[in-house]
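This is what each chain is made of:
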Amino acid sequence: MPEVDKALLIELLDYPRKRIVQSMELRFCPHAGFFNTSDEQCLNCHQGMECTWMNHNDELVAVEEKSVKEIKQQLLIAVDFVDSSLTPHHLSRRNCECDNCVWLRKAQKILAIE
């Protein structure tokens, strides 16, 4: 199987960044969404996964220095996040043209997820 274009993988990170930031409640976060592994409050926060993901993949991180394997792993987490945010009453994902479903299909195709 040919190697996936790294630039394409990096581009795919844009959409989940927006979705994850939109889903986060940062009003009472003492770190403004920057996960701190030594802070008890962060360790027990319900947004720990989102903060951790953003801290590894936001625009301030040099994702181009990551390996293709690392970026793919982060995209798999993003696919799970976007997929889990869809409601049970959501339209058929194969036919839906909402931003979530369009991104999911593109990411799944590139990552070769069945």
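Residues numbered from 1 in each chain as written. Predicted model: local features only at pLDDT ≥ 70, side-chain atom pairs only at ≥ 80, totals over all residues. Heavy atoms only, no water.

Caption draft 1: Representation of the packing of helix H2 (residues 14-23) against helix H5 (residues 68-84) in the model. Between H2 and H5, whose axes approach to 10 Å, the crossing angle comes to 50°. As judged from the angle between their axes, H2 and H5 are oblique. As H2 runs across H5, the sense of the crossing is left-handed. Residues Tyr15, Pro16, Arg19, Ile20 and Ser23 of H2 lie in contact with H5, whose contacting residues are Ala78, Phe81 and Val82. (Axes fitted to C-alpha atoms, helices over the stretch in contact; angles between N-to-C directions. Helix = DSSP H or I, 4+ residues; strand = E, 2+ residues; numbered from the N terminus. Parallel < 35°, antiparallel > 145°, perpendicular 65-115°, else oblique. Left-handed = near helix turned anticlockwise from the far one by under 90°. Contact = heavy atoms within 4.5 Å.)

Caption draft 2: Quick look at H2. Those residues of H2 that fall on the buried side of the exposure criterion are Tyr15, Pro16, Arg17, Arg19 and Ile20. Buried-residue contacts for H2 involve helix H1 (6-12), helix H4 (48-57), H5 and helix H6 (99-111). (Buried < 20%, exposed > 50% of the residue type's maximum accessible area, 1.4 Å probe, protein only.)

Caption draft 3: Main features of the nonpolar core. Counting 27 residues, the largest nonpolar core has Leu9, Leu75 and Trp103 as its most contacted members. Of all elements in the fold, only H1, H2, H4, H5 and H6 reach the threshold of two or more residues within this core. No other element matches H5, which puts seven residues into this core. Each residue touching Leu75, except ones within four places of it in the same chain, is listed here: Leu9, Leu12, Leu13, Trp103 and Leu111. (Core = buried A, V, L, I, M, F, W, Y, C linked by side-chain atoms within 4.5 Å.)

Caption draft 4: Representation of the side chain of Arg19. Here Arg19 is to be found in helix H2. For the buried Arg19, no salt bridge exists, and the shortest N-O distance to an oppositely charged side chain is 8.2 Å, to Asp99. For Arg19, the residues in contact, after removing those within four places along its chain, are Phe81, Ser85 and Asn100. (Lys, Arg positive; Asp, Glu negative; His and termini not counted. Salt bridge = Lys/Arg side-chain N within 4 Å of Asp/Glu carboxyl O.)

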